[in-house]
Amino acid sequence: MTSASICRDILRGVTLAALTSCLAAAATAQSFPDIKPAPQQTQWQDLEFGVILHFGTNTFLDREWGDGTASPKVFNPKQFDPDQWMSAIQASGARYVVMVAKHHDGFCLWPTDQTDYSIKQSPWKDGKGDMVAEVAAAARRHGLKFGIYLSPWDRHEPKYKDPAAYDKYYLAELEELATRYGDLVEFWLDGAGSAGRTYDFAKIIETLRTYQPNTMVFADTALFEYGDIRWAGTESGKIDYENWNVIDRHGYLRWRPVEVDTPLRKLHWFWHPNDEASLKSVDELMDSYENSIGRGGQWMLGLAPDDRGLLPDADVKRLHELGEAIHARYANNLLRSHLPTDDNTANALDGDDATFWSAPAGSNASMFEVRLAHPITFDHALTMEWLNEGQTIQRYRIEAWQNDAWVPIVNGYAIGHKKIDHFPAVTTQRVRLRILSSVGEAHIREFQLFHQAALAQ
């Protein structure tokens with residue numbers, strides 16, 4: 001008897017023994033497509049692009065790695081303006097902000113009750129300011145969601161030498177951040193510097209969930225198995241592998257989408273003087289965008305205010321240029337002018353990611369075709385999978401009708417949240433998306449075509 005038939009019998013009133021058998025069978029039969037995202041995970045994936053802000057004593061000492069000995073007196077951003085930060089971030093196209101509230105040096109950017117190693121001892125606002133509060137408020141004024149980074153590694157706090165005492169200290173800091181600054185979209189747990197150290201991650205997550213049940217928890221898969229988001233594995237800004245949303249950690253399967261973190265300035269997360277040459281070009285940033293978001297991941301771009309408390313002028317300019325480049329490349333969907341089609345297919349062509357095309361129920365292979373009144377030339381395709389029921393598509397193909405035959409132009413595997421494919425330019429009046437293999441019926445939120453080479457002409 002299959003697990004499905006056992007479960008059907010239970011619904012008809014079969015015994016408790018059958019219920020136990022059903023649960024056991026379901027556990028052993030669990031497979032990749034059985035793992036589905038929580039609602040807050042798909043909502044987070046729809047954000048696509050966020051930034052992480054590094055600002056602290058390192059900013060004033062030309063350092064990347066603070067050792068916990070810097071005096072709080074060095075921290076004094078005399079022109080601090082978080083609205084200037086958020087205006088530039090908003091222009092880039094980013095939708096959420098994660099603030100590094102405490103980096104590895106232990107210096108806290110909010111007036112914590114747990115230590116004096118914080119802005120309370122700085123000359124900024126005579127020690128009476130709360131930078132986390134001001135950044136959170138500025139983010140929300142600009143329509144951006146807000147999250148927190150709280151480093152487990154602490155190179156200043158004396159309690160760090162005593163794991164039990166430090167766990168209590170860290171949890172108290174976390175409780176402050178989770179209760180004082182409104183809804184948090186993401187909580188960053190960085191494993192850097194913690195080799196050989198085990199924190200009470202279960203209690204950390206329990207504490208966070210008590211006050212912020214919908215916050216997405218970022219962590220490297222090596223830290224613990226039950227995070228909500230995983231690290232891409234490098235800070236290159238790219239995903240170099242087929243990106244499936246389900247990760248297997250020692251047999252523990254979990255929906256855990258990938259976040260790709262990379263700094264705006266090469267190899268630098270904090271601001272440094274005379275560092276103009278490290279600023280990434282628009283082309284480099286677009287390559288990162290298309291190989292992170294465009295490979296089903298989330299893009300997390302690192303920004304660093306300078307010692308004035310402002311984003312550098314060059315960074316602001318680059319963020320505006322980035323937003324303009326993204327819009328220019330992906331604003332003109334060539335399939336908008338398609339010929340009339342059925343309502344189901346139209347759902348994948350309407351520019352509304354709340355609607356989706358569905359393959360026939362129970363199918364493992366399917367396709368839809370799009371016809372146009374006039375030939376179009378295109379060299380990029382954007383495809384989005386509806387993920388509420390899991391990542392079901394395992395192989396797909398995009399084909400163009402040329403010389404009285406269907407010609408493959410893309411052969412791919414994972415689609416996930418969003419897949420951007422690029423290829424030599426193709427001209428046709430008919431194109432189709434073929435799902436060659438799916439676990440159950442496939443669902444497509446969007447299928448779009450673009451001609452990016454034309455932008456360079």
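Our subject is the structure listed above.
Everything numeric here is computed off the predicted structure, so don't read it as measured data.

(A) Here's a closer look at the overall build of the chain. Looking only at helices and strands, the chain features 11 helices and 16 strands. Relative to the compact-globule value of 23 Å for 457 residues, the chain shows a C-alpha radius of gyration of 25 Å, a close match. Expressed along its principal axes, the backbone C-alpha trace of the chain runs to roughly 75 × 70 × 35 Å. When the 457 residues of the chain are sorted by exposure, 54% land in the buried category. Sequence separation of 24 or more characterises 76% of the internal contacts of the chain that already satisfy a separation of 6 or more. Within the chain, the 62 negative side-chain charges are centred at a point lying 1 Å from the centre of the 45 positive side-chain charges.

(B) Main features of the nonpolar core. In terms of nonpolar packing, the biggest core is built from 73 residues, with M86, I89, L189, I204 and L301 touching the most fellow members. The element contributing the most residues to this core is helix α7 (residues 163-180), with 7 residues. Once residues lying within four places of it in the same chain are set aside, the contact partners of I89 are V51, L53, A94, V97, L144, L303 and L319. The next biggest cluster of nonpolar side chains, apart from the first, holds 28 residues, and it includes A348, F378, A442 and L449.

(C) Region of the structure containing the pairing of strand β8 (residues 252-255). The pairing of strand β7 (residues 246-249) with β8 spans 4 bridges and is antiparallel. Looking at the pairing, V246 lines up with W255 of β8.

(D) Main features of the packing of aromatic side chains. Tallied over the full model, the rule gives 29 aromatic pairs. Note on W65 and W153: the rings are 6.3 Å apart at their centroids and 55° apart in plane angle, and the pair reads as tilted. Residue W65 is found in the loop between α4 (57-61) and α5 (82-92), and its partner W153 is found in the loop between β3 (145-150) and α7; the two are separated by 88 residues along the sequence. Using a relative accessible area of 15% as the deciding quantity, one classes W153 as buried. With a centroid separation of 5.5 Å and 85° between ring planes, the pair formed by F107 and Y117 is classed as edge-to-face. Within this pair, whereas F107 is found in the loop between β2 (96-102) and α6 (131-141), its partner Y117 is found in the loop between β2 and α6, the two being separated by 10 residues in sequence. Like F107, the residue Y117 is buried in the burial classification.

(E) Layout of the pattern of salt bridges. In total, this model carries 29 salt bridges according to the counting rule given. Between E48 and K418 there is a salt bridge; the shortest N-O distance is 3.0 Å. With a gap of 370 residues between them, E48 in the loop between α3 (39-47) and β1 (49-53) and K418 in the loop between β14 (405-412) and β15 (419-438) connect regions that are remote in the sequence. The closest approach of N and O atoms between D116 and K120, which form a salt bridge, is 3.9 Å. Residue classification places D116 among the partly exposed residues on the basis of a relative accessible area of 49%. Using a relative accessible area of 27% as the deciding quantity, one classes K120 as partly exposed. What emerges from the salt-bridge pattern is a single network uniting R397, E399, R432 and R434.

So, how was this worked out
- Residues numbered from 1 in each chain as written.
- Predicted model: local features only at pLDDT ≥ 70, side-chain atom pairs only at ≥ 80, totals over all residues.
- Heavy atoms only, no water.
- Helix = DSSP H or I, 4+ residues; strand = E, 2+ residues; numbered from the N terminus.
- Rg over C-alpha atoms; globule rule 2.2 N^0.38 Å.
- Buried < 20%, exposed > 50% of the residue type's maximum accessible area, 1.4 Å probe, protein only.
- Contact = heavy atoms within 4.5 Å.
- Lys, Arg positive; Asp, Glu negative; His and termini not counted.
- Charge placed at Lys NZ, Arg CZ, Asp CG, Glu CD.
- Core = buried A, V, L, I, M, F, W, Y, C linked by side-chain atoms within 4.5 Å.
- Pairing = 2+ DSSP bridges.
- Phe/Tyr/Trp six-rings, centres within 6.5 Å; stacked < 30°, edge-to-face > 60°.
- Salt bridge = Lys/Arg side-chain N within 4 Å of Asp/Glu carboxyl O.

Any functional reading would require information beyond the geometric quantities listed.
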